[in-house]
Amino acid sequence: MPYEIHTAPGEEPPDEPQAPTGDHGWPLWEVFVRQKRGLAHIHAGSLHAPDPETALQSARDVYTRRLEGVSIWVVPSSTIVASDPDDAAELFEPAADKAYRHPTFYDIPDEVGHM
Amino acid sequence: MGSEAFEALLDADDKIEPKDWMPDGYRQTLIRQIAQHAHSEIIGMQPEGNWITRAPTLKRKTILMAKVQDEAGHGLYLYSAAETLGVSRHELVGLLHGGRQKYSSIFNYPTLTWGDIGAIGWLVDGAAITNQLMLARCSYGPYARAMVRICKEESFHQRQGYEIMLALANGSDAQQAMAQDSLNRWWWPSLMMFGPHDSESTHSEQSTAWKIKRVSNDDLRQQFVDTTVPQAEFLGLSIPDPDLVWDKARGHYDFGPIDWEEFWTVVKGNGPMNRERIAHKTRAWEEGAWVRDAATAYAAKHRPDRLSA
């Protein structure tokens with residue numbers, strides 16, 4: 001269903017959430033789904049649940065209603081360690097000038113055939 | 001990363017991701033929009049849930065239950081997307097219950113007949129798809145990804161709604177009259193879903209610059225009218241608009257003026273169902289408290305370490 005919410009002329013705009021209250025309800029879990037055997041689990045989304053069993057059950061209800069998967073992982077979101085976008089340059093750019101790591105860098109005569 | 005990197009990503013039509021630097025206004029606009037979108041999905045369960053026990057056949061009943069379940073799922077995907085911006089679902093639900101955040105006005109209309117379930121799927125979900133296909137291209141990654149998933153599922157919603165209309169339109173005189181009555185009541189509110197005219201739309205300009213909004217209200221509305229009118233003709237139903245006419249020169253349908261007074265009345269909280277929707281939602285939340293408490297207590301008893309996560 002939809003999504004655009006309007007504020008009438010002269011009406012107060014909706015509230016912004018204030019500073020986090022500290023009450024976040026149940027912990028957040030990241031959900032990973034294996035679409036079919038032979039493929040890796042891929043991140044599908046997240047959800048709140050009080051314990052791992054409930055997280056798994058809810059993940060099944062929320063993320064696999066249409067045969068999207070044959071296996072699910074749930075991982076506490078707080079345990080994920082992520083790289084900082086500000087470090088992206090030093091982490092990933094050094095690979096850009098190493099074209100010799102790719103097969104297309106090498107010229108092989110056509111006569112040799114497919115390699 | 002700072003505002004230059006942010007602008008460069010927007011210019012390159014790249015996505016902004018949760019850990020990226022973003023302007024406060026961008027963050028707040030998204031939190032508000034995604035939260036209210038989520039609230040809409042959740043409140044949207046009510047007008048349709050109203051007909052689950054009265055669906056005409058077991059087949060229609062199972063379909064309707066699946067659809068209402070989807071709406072709950074859509075709400076959850078969206079709350080998750082909002083949470084990537086640093087708010088909690090808990091706070092957002094509190095703002096909804098306190099009447100401090102809204103949901104789409106379309107759900108403040110009642111579902112009086114079974115025909116309304118058809119009309120909602122066909123028109124309301126149809127209008128929603130038009131809007132959400134645009135949002136699937138928005139600049140914020142988690143929101144765009146949630147939209148892709150939602151659009152896939154909405155397609156079932158719209159088709160099942162149209163099929164209900166088709167059955168009624170090919171049925172007895174009374175059934176045909178029911179279909180026409182539903183179209184008459186849902187047509188204008190569906191057009192209002194796209195919001196005020198571009199000239200009156202307050203937030204559009206900034207949202208467009210941020211690539212959150214990528215097509216204007218009036219363009220989306222026109223797109224919806226152009227697609228829907230032939231579908232109504234196929235049903236043998238008439239659109240309740242005497243000014244509706246194909247404009248050959250423009251290559252679009254012209255349509256009559258929208259009753260903005262009605263629109264603003266509902267937006268301000270005085271539509272037919274505003275109070276009832278929030279009262280019902282709050283009641284369900286309060287009455288479900290013991291289930292949440294029990295689940296929390298069970299988790300604490302069996303895995304005390306998990307709760308600190």
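Rules of the game
- Numbering of residues begins from 1 in every chain and follows the order in which that chain's sequence is written.
- Both sets of labels track the order of writing: A upward for chains, 1 upward for ligands.
- Reporting of local features is limited, given that this is a predicted model, to residues whose pLDDT is at least 70; pairs of side-chain atoms are given and counted only at 80 or more, and all residues count toward the totals for whole chains, interfaces and linings.
- Neither water nor hydrogens contribute to the side-chain values; these are computed over all heavy atoms in the structure.
- The helix and strand labels rest on DSSP assignments: H or I over at least four residues marks a helix, E over at least two residues marks a strand, and numbering proceeds from the N terminus.
- Only protein chains enter the calculation, and the probe is 1.4 Å; a residue is then buried if its accessible area is under 20% of its type maximum, exposed if over 50%, and partly exposed in between.
- Any two residues whose heavy atoms approach within 4.5 Å are treated as being in contact.
- Areas reported here follow the Shrake-Rupley algorithm with a probe of radius 1.4 Å; residue values treat only the protein chains shown as occluding.
- Only when DSSP finds a minimum of two bridges between them are two strands counted as paired.
- As a rule, the C-alpha atoms of each element are fitted with a line to give its axis, helices using only the stretch in contact, and angles between N-to-C directions run from 0 to 180 degrees.
- Here, expected helix span is obtained from the residue count minus one, scaled by 1.5 Å.
- Given a residue, its bend is the angle between the two axes fitted to the seven residues that end at it and to the seven that start from it.
- The labels follow the angle: roughly parallel below 35 degrees, roughly antiparallel above 145, roughly perpendicular from 65 to 115, and oblique for the rest.
- Each crossing gets its hand from how the near helix is turned against the far one by less than a right angle, where anticlockwise is left-handed and clockwise is right-handed.
- In this count, Pro and Cys sit with the nonpolar residues alongside Ala, Val, Leu, Ile, Met, Phe, Trp and Tyr, while Asp, Glu, Lys and Arg are called charged and the others, Gly among them, polar.
- Each nonpolar core is a collection of buried residues, namely Ala, Val, Leu, Ile, Met, Phe, Trp, Tyr and Cys, held together in the definition by side-chain atoms within 4.5 Å.
- For salt bridges, the criterion is a side-chain nitrogen of Lys or Arg within 4 Å of an Asp or Glu carboxyl oxygen.

When you look at the overall build of chain A in this model, what are you seeing that I'm missing?
Scanning chain A from terminus to terminus reveals two helices and three strands. Starting at the N terminus and walking to the C terminus, you meet the elements of chain A as β-β-α-β-α. Burial statistics for chain A: of 115 residues in total, 28% are counted as buried. Contacts in chain A between residues far apart in sequence, at least 24 positions, make up 42% of those at least 6 positions apart. Of the roughly 7800 Å² that chain A leaves accessible, carbon and sulfur atoms contribute 56%.

What is the right way to read the sheet that holds strand E2 (residues 41-48) of chain A from this model?
Sheet strands pair via backbone hydrogen bonds, and the direction of the pair is either parallel or antiparallel. Residues and elements named next belong to chain A. Within the open sheet, the three strands sit side by side as E2-E1-E3. Their pairing is antiparallel. Two strands bound the open sheet, and with one partner strand each, they are E2 and strand E3 (71-76). Across the sheet, the mean angle separating the axes of adjacent strands is 25° when strand polarity is ignored.

Please clarify how unusual backbone geometry should be interpreted in this entry.
All names here are of chain B. Of note, the phi angle at Asp-13 is positive, near 60°, even though the residue is not glycine. Relative to the helices and strands, Asp-13 is located in the loop between helix H1 (3-11) and helix H2 (24-43). Positive phi, close to 60°, is recorded for Lys-211, a residue that is not glycine. Assignment of secondary structure puts Lys-211 in the loop between helix H9 (204-209) and helix H10 (217-235).

Honestly, the pairing of E2(A) in this entry has me stumped. Any pointers?
On any regular strand, side chains alternate: one points to one face of the sheet, the next to the other face. Residues and elements named next belong to chain A. In this structure, strand E1 (residues 28-34) lies alongside E2, joined through seven bridges in antiparallel fashion. Its bridge partner lying in E2, Val-31 is registered against Gly-45. Linking E1 back to E2 in an antiparallel pair, the connection comprises six residues, with Gly-38 at a positive phi of about 100°.

Please clarify how helix H7 (residues 141-169) of chain B should be interpreted in this entry.
Residues three or four positions apart in an α-helix share a direction because the helix packs 3.6 residues into each turn. Along its 29 residues, H7(B) runs 41 Å from first to last C-alpha, staying within 8% of the 42 Å computed at 1.5 Å per residue. The sharpest bend along H7(B) measures roughly 25° and falls at B:Glu153.

Even after reading the chapter, I still don't get the packing of helix H4 (residues 58-83) of chain B against helix H6 (residues 114-135) of chain B, so can you show me in this structure?
A packed helix pair is summarised by two numbers, namely the angle formed by the two axes and the spacing between the axes. Residue and element names in this part refer to chain B. Packing of H4 against H6 leaves a shortest axis separation of 13 Å and a crossing angle of 45°. By the angle between their directions, the pair H4 and H6 is classed as oblique. Of the two possible hands of crossing, H4 and H6 adopt the one that is left-handed. Listed contacts from H6 to Arg-60, Leu-64, Lys-67 and Glu-71 of H4 are Trp-114, Ile-117, Gly-121 and Asp-125. The residue makeup of the contact of H4 with H6, split by class, is three nonpolar, one polar and four charged.

What am I meant to see in the nonpolar core here?
Grouped burial of nonpolar side chains is what soluble globular proteins tend to show. All names here are of chain B. In terms of nonpolar packing, the biggest core is built from 94 residues, with Tyr-26, Ile-34, Tyr-140, Tyr-143 and Trp-187 touching the most fellow members. Counting residues per element, this core draws most heavily on H6, which supplies 11 residues. In contact with Trp-187, not counting residues within four places along its chain, are Leu-123, Phe-224, Val-225, Thr-228, Val-229, Ile-239 and Pro-240.

Please clarify how the pattern of salt bridges should be interpreted in this entry.
Two side chains carrying opposite charge are able to pair once their charged atoms lie near each other. Counted by the stated rule, this structure contains 19 salt bridges over all chains. In this structure, B:Asp70 and A:Arg65 form a salt bridge, with 2.8 Å as the shortest nitrogen-oxygen distance. Here B:Asp70, found in helix H4, pairs with A:Arg65, found in the loop between helix H1 (52-63) and E3, and the two come from separate chains. Here B:Asp70 falls in the buried class, since its relative accessible area comes to 2%. The closest approach of N and O atoms between B:Arg214 and B:Asp13, which form a salt bridge, is 3.1 Å. Here B:Asp13 lies in the loop between H1 and H2 and B:Arg214 lies in the loop between H9 and H10, a separation of 201 residues in the sequence. The class of B:Asp13 is partly exposed, set by a relative accessible area of 46%. Taken together, the salt bridges that share partners define one network made up of A:Arg65, A:Arg66, B:Asp70 and B:Glu153.

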